[in-house]
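# Per-entry structural report
One-letter residues, chain by chain:
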Amino acid sequence: MSTPIIEIKSVNKSFRSADGSARTVLEGVDFTLFEGEIVALLGQSGSGKSTLLRIMAGLIGADSGQVAYRGLPLYGPARGISMVFQSFALFPWLTVQKNVELGLEAQGMAPEERARRAEAAIELIGLSGFEGALPRELSGGMRQRVGIARALVLEPEVLLMDEAFSALDVLTGERLRDDILELWETRQMPTKAILVVSHNIEDAVMMADRVLVFGSDPGRVREELPIRLSRPREVESQEVRSLIDTVYGLMTTGAGRVGRTPGKETRLQLGDRLPIADIARIEGILELLADEPFRGRADLPKLAEETELTDHELLDVSAALALLGFANLAQGDIVITPLGERYARAGNQERKAIFGAQVLEHVPLVAYIRHGLAQDPSGDLHEDLFLKLLNFTLDEAEAERVLSVAIEWGRYGDVFEYNFNTGVIQLPEDE
Amino acid sequence: MSKTRQFFPRQVVEAGGNRWDWALLPLVLALLVLLAYGAEQMARPFQLGETLPISLDPINLPYYLLRTTMRMFIALGASLLFSCVFAALAVKYRTAEKILVPLLDILQSIPILGFLSITVTGFIALFPGNLFGVELAAIFAIFTSQAWNMAFSAYQGFRTVPAELTEAARVFQLSGWQRFWRLELPFAMPGLVWNMMMSMSGGWFFVVASEAISVSNQNIKLPGIGSYIAMAIEARDLQAIGWAIGAMLIGIALYDQLFFRPLIAWADKFRFEESGSETAPGSWLLAWLHRTERTQDIARIFVRLLERSLAVFRLSYDGTSIRARPDQKSAAPQRFWDAIIAAAVFYAVWTLVHFVHTEVGWTEVGRVFVLGLYTMSRVVVLIFIAALIWIPIGIWIGMNPRLAERVQAVAQFLAAFPANLMFPVAVVVIVRYGLNPDIWLSPLMILGTQWYILFNVIAGASTVPTELRYAARNFGLTGWLKWRRYLLPAIFPSFVTGAITASGGSWNASIVAEYVTWGNTTLKAHGLGSYIAEMTSIGDFPRIALGIGVMCVFVMGFNHFVWRRLYRMAENRLHF
């Protein structure tokens, strides 16, 4: 249990954004993966958990710090480490059999031997009969099975799973997860450790011996939660439910600046990430919360079930609600505020007025845009200016998402107007 | 799951191939005999100054067709090889990429006549006393009309391999060689095949220029359709032109059925969209080949060879080895290369300025730019007219799926047909009615390239989602509103794609279309194309270079300022 396989010591990683400024993704991350354990990494998108996984896979190098596999420094992908990808990453022109054989072929194994092993792996993962099929003939769940067989056929010591179930529907994802756990528990796979990166809190709690919660800006391991329940675990059991609650709590309350009750000491900064949540979803959740059966207070896991949102989406919406002062988050629960209740009952005009006021007060980016517009003699500014500003703290895709959230909120609250074709933001005309 | 399963040892069931093999045998044998004969004729003795007899008797046409097609396929093979090497190098080495890609951009806009005039003497000197040198010159000329867009498509394909697939290839320890065969080439294949077809049509377009070599004081006519046409034009034999057109149609139909259809049907499995497709392209020949045993065995030999090479060229170490350790990145070599490139560019610019100043003079440059503007206005007006005609027709066809399938095949066929064969007809008409060549030669430029607009619009219209059609009908959209709000936006992206190809092709075609000869009548329109063509025929190198340079500037500027913007707009706003 205590033999380390992968050791990561004070690893830093930053990426260069388009304008040349460096953006820190990981800072001083320490982590050790031991033999015999399953570890889950949870965290918001952009918190660097995928980057950490890729550093362990040898796909990207750390800027500084040590990465060692079995005590050896890791400069590239190692033979004993295999990976399962979010989008499956199958080669669509190869049959299932050929896809599974890929890594063996790369080693130069003789055709008969590799066919034998591939068939065994295909059998193990429950794909018999589909050897000759092309990936496009298969459903998502079957494709990911091919992805897992392709990784397992190499008999890896370490299996890395990058959001392996998030492209699948819930039921398929659960089945696949249980199948892997069964292989793990019955020692049908020679793998000594599994690292799972996930958005899904339930997946993490069901699988892992340890859950690490990643914090962003910059990414570091913020919380560590050992799970000592024996497997197989029962989703509906009291222990699992309460663990899920705990993890929700960890992810909402301590989530840095985003998601905390807007108080004086932790105001959002201008360049911070905004929760990615559109108006329809914000209002939908708020109405649901105000209504029966929740009556203003909901357990986040319950709400996730009710709304069929992913954990990630739900956390973003709740963070947005908290940010705008419509709700408070506490220990995995979301509680509506009086303002939130008023908002839920209000008509369209009143809603827009409240929303505008709240956005201006609590979202520095929106306030900043408004301030810039008011100062500019022409009353309009190009969005690229703000995009550049965000690029200092966020990666390009994230900066674009955050700006589009700010623009949507601002437009809805009548703070400013925006022209999609020209990319120009301007003051509303009636003022 | 098309894999055939064999329950008995093959020897027991059938000893020597199945009936499909036997039926294919005559076809294969005939092909081999033809190839051997053609190859023998290509390398026969030849002295410079000797005239090769070209007869206008249509009985010779099949033979000429064979020779021309062989040249084209050799050039196509060379282009394919070039594209793969180019793409692999450009993707692997950043320094190479910095030089190769702009170089290709420039090479692409150099008209084929320019290459021919520079290289023909060298090729002839390479094989003294043999026809093969001249053949090589002709093949090289065809190669220059085929290779660039294929190389670009391969490069584009290699560059756009999805990140997760690249990561998978690295995690599973694929070596460069393995990655090329298992990932990069398959991924680039559909685009490459499509561009091979376009290249083949492009090759036909310049078949006359490449076979009837009349540059740099040479006057050689290689046996082939191109020379036949050149002879017919000299002799003002409209009937012979008709025969040539007929032969070409047959030739195009043959290689379409025997080569490209099977190739497209086969390449369909490399499509990256992972979802099942609507209708997979089919080919009777491919289906036939799949049913054979012997030919399948032959194919399997090649596959096995390839797989053995994959086993040989594998990675001998993994990420824990010291050899995987990245080189300490020092900026010095990179800077050094950048400096050399920059110096070369400066030197080139300086030489250019010097050259223009001493050889042609700035007034000439101004004049050529004005000619460029003429040609540009022709291209713009023609694209506009073609759009007016083909957009409504294309939409109408595209909305009728049954019709669309049939018309699509015809349109692709028409695109492959070399429009310059119609030029003599145009000359006869213009001369007879005394029309103004400045106006009436222009349509020739778009004759061959308008089809790209048509079949892209058809493709666009047939992918309009059914819900959108119902919605439009439900709202009772009619008249101009229906066009403006629904039909035009719906097909805009595909129209832009088609128009980009059509406009590029038209620029290239202007060299042939603005300067047309029929016997000793020469019609010319004022424009950049006719300038280049004229200078090529007198062999004035400085002015050829100037014309080509200016055309490059126009084409690149046009692409950059017009098409790329429209394309981005289409991508951003108008897709489903």
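Note that this is a predicted model, so its numbers are computed, not measured.

### A look at the overall build of chain A
The secondary structure content of chain A amounts to 15 helices and 16 strands. Since a compact globule built from 431 residues should have a radius of gyration of about 22 Å, the 24 Å found for chain A is in line with a globular shape. C-alpha extents for chain A along the principal axes are approximately 75 × 50 × 45 Å. Within chain A, buried positions represent 45% of all 431 residues. Across chain A, the fraction of contacts at a sequence separation of at least 24, relative to all contacts at a separation of at least 6, is 70%.

### Observations concerning the overall build of chain B
Counting its regular elements, chain B contains 24 helices and four strands. For chain B, the share of sequence-separated contacts (at least 6 apart) that also reach a separation of at least 24 residues comes to 78%.

### Some thoughts on unusual backbone geometry
Of all residues except glycine, most have a negative phi; of all peptide bonds, most are trans. Across the junction of Arg231(A) and Pro232(A), the peptide omega takes the value -5°, indicating a cis bond. Position of Pro232(A) relative to the elements: it lies in the loop between strand E10 (220–226) and helix H7 (238–253). The linkage connecting Glu292(A) with the following residue, Pro293(A), adopts the cis geometry, with an omega of -5°. Backbone geometry at Arg236(B) places phi at a positive 50°, although glycine is not the residue there. Note that Arg236(B) resides in the loop between helix H10 (225–234) and helix H11 (238–267). On the basis of neighbour counts, which here come to 15 C-beta atoms within 10 Å, the residue Arg236(B) falls in the partly exposed class.

### Quick word on the sheet that holds strand E11 (residues 297–299) of chain A
Residue and element names in this part refer to chain A. Strand order in the open sheet formed by three strands is E11-E13-E12, with antiparallel pairing between adjacent strands. In this open sheet, the two strands that pair with only one neighbour each are E11 and strand E12 (327–330). Shown here is a sheet whose adjacent strand axes are inclined to one another by a mean of 20°, direction ignored. As judged from the four bridges shared by E12 and strand E13 (residues 333–336), these two strands associate in the antiparallel manner. The partner of Asn328 across the bridge, within E13, is Val335.

### Topic: the interface of chain B and chain A
In this assembly, 30 residues from chain B lie in contact with 32 residues from chain A. Of all elements in the fold, only helix H7 (163–171), helix H8 (176–205) and helix H13 (294–312) of chain B reach the threshold of two or more residues within the side of chain B that touches chain A. Here the element with the most residues in the side of chain B that touches chain A is H7(B); it accounts for six residues. Its residues placed into classes, the side of chain B that touches chain A shows 14 nonpolar, six polar and 10 charged.

### A few points about the nonpolar core
Membership of the largest hydrophobic core comes to 262 residues, with the highest contact counts inside it found for Leu42(A), Leu195(A), Val247(A) and Ala406(A). For this core, the element with the highest residue contribution is helix H6 (residues 131–159) of chain B, accounting for 17 residues.

### Quick notes on the sheet that holds strand E16 (residues 424–426) of chain A
Residues and elements named next belong to chain A. Sheet architecture is open: three strands sit in the order E14-E16-E15, paired in antiparallel fashion. This sheet does not close on itself; its edge strands, each paired only once, are strand E14 (380–382) and strand E15 (417–419). Each strand of the sheet is rotated relative to its neighbour by a mean of 25°, with strand direction disregarded. In this sheet, E16 lies alongside E15 in antiparallel orientation, the contact comprising three bridges. What sits directly across from Tyr418, in E16, is Ile425.

### Points about the pairing of strand E4 (residues 64–69) of chain A
Residue and element names in this part refer to chain A. Both strand E1 (residues 4–16) and E4 contribute to a ladder of five bridges, which runs antiparallel. Looking at E4, one finds that Glu7 is bridged to Ala68. Both E4 and strand E5 (residues 72–73) contribute to a ladder of two bridges, which runs antiparallel. Across the sheet, Ala68 pairs through a bridge with Pro73, a residue of E5. The turn linking E4 back onto E5 is made up of two residues, and Arg70 within it adopts a positive phi angle of 55°.

### Describing the confidence of the model for chain A
Per-residue confidence for chain A gives a mean pLDDT of 86; residues scoring 70 or more make up 94%. Scored below 50 in pLDDT, residues 255–265 of chain A shows 27 contacts in the model against residues more than four places distant or in partner chains.

### Structural notes on helix H10 (residues 311–323) of chain A
Residue and element names in this part refer to chain A. The terminal C-alpha atoms of H10, which comprises 13 residues, lie 18 Å apart, in line with the 18 Å expected from a rise of 1.5 Å per residue. Here H10 lies mainly inside the structure; 12 of its 13 residues are buried. Within H10, burial applies to Asp311, His312, Leu314, Leu315, Asp316, Val317, Ser318, Ala319, Ala320, Leu321, Ala322 and Leu323.

### What about helix H17 (residues 423–433) of chain B?
Counting along an α-helix, one turn takes 3.6 residues, and residues three or four places apart therefore face a common direction. Residues and elements named next belong to chain B. Every buried residue belonging to H17 is among Phe423, Pro424, Ala426 and Val427, and all of these are buried. Buried residues of H17, viewed axially, fall in a sector of 155°; they line one side. With respect to the buried face of H17, the exposed residues turned more than 90 degrees away are Val429, Arg432 and Tyr433. Considering only its buried residues, H17 is in contact with H10, H11, helix H19 (443–447), strand E3 (515–518) and strand E4 (521–524). Downstream of H17 by one or two residues, Gly434 has phi in the positive range, about 60°.

### Notes on the packing of H8(B) against H11(B)
If you want to describe how two helices pack, look at the angle between their axes and the distance between the axes. Residues and elements named next belong to chain B. At a minimum axis separation of 10 Å, H8 and H11 run at an interaxial angle of 165°. On the basis of their axis angle, the class for H8 and H11 is roughly antiparallel. At the point where H8 passes H11, the crossing takes the left-handed sense. Here Met189, Pro190, Val193 and Met197 of H8 lie close against H11, whose contacting residues are Phe260, Leu263, Ile264 and Ala267. Of the residues assigned to the contact of H8 with H11, the class counts are eight nonpolar, no polar and no charged.

### Here's the deal with the environment of Met231(B)
All names here are of chain B. Note on placement: Met231 falls in helix H10. Along the chain, Met231 and Lys221 lie 10 residues apart, while their C-alpha atoms are 8.9 Å from each other. In this structure Met231 touches Ile54 and Leu56, once residues within four positions along its chain are discounted.

### Some details on the confidence of the model for chain B
All names here are of chain B. Looking at chain B as a whole, its pLDDT mean stands at 80, while 90% of the residues score no less than 70. Per-element confidence in chain B ranges from a low mean pLDDT of 46 for helix H1 (residues 10–13) to a high of 91 for H7. Taken as a whole, residues 9–14 scores under 50 in pLDDT and shows one contact with residues more than four places along the chain or in a different chain. Predicted complex metrics record ipTM = 0.79 and pTM = 0.78.

### Examining the environment of Gln86(A)
By secondary structure assignment, the location of Gln86(A) is in the loop between strand E6 (81–84) and helix H2 (96–107). A sequence separation of 75 residues divides Gln86(A) from Met161(A), and the C-alpha atoms of the two residues are 7.9 Å apart.

### With respect to the environment of Gly413(A)
Residues and elements named next belong to chain A. Residue placement: Gly413 occurs in the loop between helix H15 (396–412) and E15. Look at Gly413 and you get buried, because 23 C-beta atoms sit within 10 Å. Here the alpha-carbon distance between Gly413 and Ile354, two residues 59 residues apart in the chain, equals 7.6 Å. When residues no more than four places from it in sequence are discounted, the contact partners of Gly413 are Lys352, Phe355, Gly356 and Val359.

Criteria and cut-off values
Residues numbered from 1 in each chain as written. Chains lettered and ligands numbered in written order. Predicted model: local features only at pLDDT ≥ 70, side-chain atom pairs only at ≥ 80, totals over all residues. Helix = DSSP H or I, 4+ residues; strand = E, 2+ residues; numbered from the N terminus. Rg over C-alpha atoms; globule rule 2.2 N^0.38 Å. Buried ≥ 20, exposed ≤ 12 C-beta atoms within 10 Å, placed from the backbone. Contact = placed C-beta atoms within 7 Å. Pairing = 2+ DSSP bridges. Axes fitted to C-alpha atoms, helices over the stretch in contact; angles between N-to-C directions. Nonpolar A, V, L, I, M, F, W, Y, C, P; charged D, E, K, R; others polar. Core = buried A, V, L, I, M, F, W, Y, C linked by C-beta atoms within 7 Å. pLDDT = per-residue confidence, 0-100. Expected span 1.5 Å × (residues − 1). Arc of directions from axis to C-beta. Parallel < 35°, antiparallel > 145°, perpendicular 65-115°, else oblique. Left-handed = near helix turned anticlockwise from the far one by under 90°.

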